[in-house]
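# Tertiary structure, described
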Amino acid sequence: MKLQFYNSVTSKKEEFKSLSDKEVLVYGCGPTVYNSPHIGNFRTFVFYDLLNRVLLQNGYVVKNVINITDIDDKIIDRVNNEGVGFKELTQKYERIFLDQSSTINILPSTFNPRASEHISEMIDFIKALMAKGVAYNIDGNIFFDTKEYSKYGKFVNIDDDNLSREDNELGKKHPNDFALWKAWKDSDGEITWESDWGNGRPAWHTECAVLGTQLLGDSIDIHCGGIDLKFPHHENESAQVEALLGNKFANYWLHSEHLIFDSEKMSKSLGNTLSISDLLTKYSAETLRLFLLSSHYRSKVSFSEKKLDDSSKMIDKINRFVNNVDLATIDINGVDYSRFHLDFLDALNDDLNTPEALGVFFDFINTVNKNINNDSMTDDLRIQSKIFINLFNSIFCVINTSSSDKMFIPKDIQNLASLREEMRSKFEWNEADKLRQMIDNLGWLIEDTKDGQKLIQKK
Ligand code: AMP
Ligand code: ZN
């Protein structure tokens, strides 16, 4: 099956067509770093990772951004009310986010830009919007003028019932207008930057619009986030870029549904959160990851200990299967995928249908286990099992396969290595280095020998 995604703009599944043959550009809205991320945030971050891995499996090279929102009202409140340093606070929680992402086997992003390190680009961007006549100044607050941009309303029907009502107190002209820059006020303390309109700070929607276009380009393939970001955040991000540049900002907008706790969205502001570090005292990182991947990213999922216990049992079953297959002795080079593998890949290509893919994998395990129990295991089934374990783990990443045969090189790694070879032959060293880094991030080292590249799986 060809890769397809549900695009929130059209509310339909659409075949994925990348802007370039080689590289897919993906932006995911990252954490606001004023306290530790919770398991709900990680539902969204693991969804970004799933998307990344499925794109790699389809032979694409992924260039992605997950930004660090380090300028925000809640951060400013904590800094000014608790006497903690701005950088001390934000970099502490950024570190926790990055460490927990790695614990839960999320591949590193190409870029994790901090909003606070791109202020001058944000000021230039706002100036350009003002010059275009789509932004205005009220007492040092700069607003986007939605009445000057006829395409406003990509994600919702703009009528009087569908208004964002953000920053009403700052004196904006129309209800859906939104702040690009917020003028300094006493409660901001020392957190402020100079601009042509006086001191202040960029607003959130502008942070993401600028980081996306600066690091990935004017047009990107995929923009993603949790469903709460669809309106107004993504509407506003997209309106700014499209009003200024006149092109589509992102071709596909993907949104993950919420993790629910006690029938409400798990959220820092509601105070009903469970941190990853607390959960890790009771469950393995693999159990948390499997729990997050076992429902489809577009369905709501309620948190429950029972579901985590079920995931833990699934991990045990997978590990027993892996041990029974005796991976080390099996050579799978040159063997093609079977129907089971193709069904698994089809499920993932069908808008990242992880529950179905997981079902195919467990059907396969059950079939092979029957053969093992009847003493009728064949060489062919052993080979199919090893291929499936590697394939499954390249996406779900919940098994430690370090004991498996190091000679098997997954297709996505082979594709990245060939692309690197191509870049080297064209003397495009920067691109080649980036590809080496991506391969490294996926757990493989490249050695350049006189006979060409050699791939070695990291221990
Ligand atoms: P924040 O740190 O609040 O800016 O959120 C970071 C990301 O987590 C955003 O993409 C949110 O949409 C997402 N998010 C927040 N709460 C949840 C939740 N309960 N379930 C799934 N995703 C969430
Ligand atoms: Zn964003």
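Every chain is numbered on its own, with residues counted from 1 as its sequence reads. By the order in which they are written, chains take letters starting at A while ligands take numbers starting at 1. With pLDDT at 70 or above as the cut-off, local features in this predicted model cover only qualifying residues; side-chain atom pairs require 80 or more to be listed or tallied, and sums for whole chains, interfaces and linings still use all residues. Water and hydrogen atoms were dropped before computing side-chain values, which therefore reflect all heavy atoms in the structure.

Moving on, we get to the site of ligand 1. We call a residue near a molecule or strand as soon as one heavy atom of that residue lies within 4 Å of the molecule or strand. Of all residues adjacent to ligand 1, which total 19 residues, the nearest are T32, T44, D228, L259 and M266. Between ligand 1 and T44 there is a distance of 2.7 Å, counted from a nitrogen atom to a side-chain nitrogen or oxygen. Whenever two N or O atoms come within 3.5 Å, that pair is a polar contact, provided that in protein one can donate a hydrogen and the other can accept it, and provided that, for residues adjacent in sequence, both atoms are side-chain atoms. L259 places a main-chain nitrogen or oxygen 2.8 Å from a nitrogen atom of ligand 1. Only the protein chains shown count as cover for residues, with accessible areas throughout obtained via the Shrake-Rupley method and a probe of 1.4 Å. If ligand 1 stood free it would expose 500 Å²; the protein chains cover 91% of that surface. Throughout this entry, Asp, Glu, Lys and Arg are counted as charged residues, while Ala, Val, Leu, Ile, Met, Phe, Trp, Tyr, Cys and Pro are counted as nonpolar. The remaining residues, Gly among them, count as polar. Residue composition of the shell around ligand 1, grouped by class: seven nonpolar, eight polar and four charged.

Next up on the list: the coordination of the zinc ion (ligand 2). Coordinating N, O and S atoms are those within 2.8 Å of the metal (3.2 Å for Na, K and Ca), and as water is not part of the atoms, a site may appear to have fewer donors than expected. Note on the zinc ion (ligand 2): its protein donors are C29 (SG), C208 (SG) and H233 (NE2). The metal-donor distances range over 2.0 to 2.2 Å. Along the chain, the residues donating to the zinc ion (ligand 2) are arranged with the sequence spacing C-x178-C-x24-H. With C29 in the loop between strand 3 (23–28) and helix 1 (39–57) and C208 in helix 5 (residues 204–215), this pair connects stretches of sequence that are 179 residues apart. Under the scheme used here, helices are H or I runs from DSSP no shorter than 4 residues and strands are E runs no shorter than 2 residues, and both carry numbers assigned from the N terminus.

Attention now goes to the packing of aromatic side chains. Note on ring pairs: Phe, Tyr and Trp rings are taken, using the six-membered ring of Trp, and paired if centres are within 6.5 Å. Classes follow the plane angle, with under 30 degrees stacked, over 60 edge-to-face and the rest tilted. With the rule as written, the count across this model stands at 30 aromatic pairs. With a centroid separation of 5.6 Å and an interplanar angle of 85°, the aromatic rings of F16 and Y60 are classed as edge-to-face. A residue pair is termed long-range when its members are at least 10 positions apart, and F16 in the loop between strand 2 (12–15) and strand 3 and Y60 in the loop between helix 1 and strand 4 (61–66) qualify at 44 residues. Grouping residues by exposure puts F16 and Y60 together as buried. Each residue is assigned to one of three classes by its accessible area relative to the maximum for its type, calculated with a 1.4 Å probe on protein chains only: buried under 20%, partly exposed between the two thresholds, exposed over 50%.

Turning to the sheet that holds strand 6 (residues 141–144), a few remarks are in order. Strands belonging to one sheet form pairs held by backbone hydrogen bonds; the direction of such a pair is parallel or antiparallel. Across the sheet, four strands lie side by side as 5-6-7-8; this open sheet has antiparallel pairing. Either end of the sheet is taken by a strand with one partner, and the two such strands are strand 5 (135–138) and strand 8 (200–202). Taken pair by pair, the neighbouring strands of this sheet meet at an average axis angle of 25°, ignoring direction. Note that strand 7 (residues 178–183) and strand 8 share three bridges and pair antiparallel. Across the sheet, the residue bridging to A183 is G200, located in strand 8. Here a residue-residue contact requires only that any non-hydrogen atoms of the pair lie within 4.5 Å. Angles run from 0 to 180 degrees between N-to-C directions of axes, and those axes are lines fitted to C-alpha atoms, restricted for helices to the stretch in contact. Those strands touched by helix 4 (residues 119–131) are strand 5, strand 6, strand 7 and strand 8, and its axis lies near 125° from that of strand 7. The pairing criterion is simple: DSSP has to find at least two bridges between the two strands.

Glancing now at the side chain of N64. Structurally, the position occupied by N64 is in strand 4. Ignoring sequence-local partners within four residues, the contact set of N64 consists of V26, N52, S109, T110 and F111.

To continue, consider the domain arrangement of the protein chain. Here the protein chain is partitioned into domain 1 (14–265), domain 2 (282–396) and domain 3 (409–457). Just so you know, the domain bounds were taken from an automatic or database domain assignment. One C-alpha centre belongs to domain 1, the other to domain 3, and the line joining them spans 32 Å. In this complex, domain 1 contributes eleven residues to the contact, which on the side of domain 3 involves 13 residues. Between domain 1 and domain 3 the total buried area reaches about 970 Å² when both faces are included, carbon and sulfur atoms providing 66% of it. Three residues, K22, L56 and V61, lead the burial of domain 1 against domain 3; their summed loss comes to 47% of the area buried on that side. By definition here, a salt bridge exists when the distance from a side-chain nitrogen of Lys or Arg to a carboxyl oxygen of Asp or Glu is within 4 Å. The tally of links from domain 1 across to domain 3 stands at zero salt bridges. Buried area is understood as the total, over both parts, of accessible area removed when two parts are fitted together, assessed with a 1.4 Å probe.

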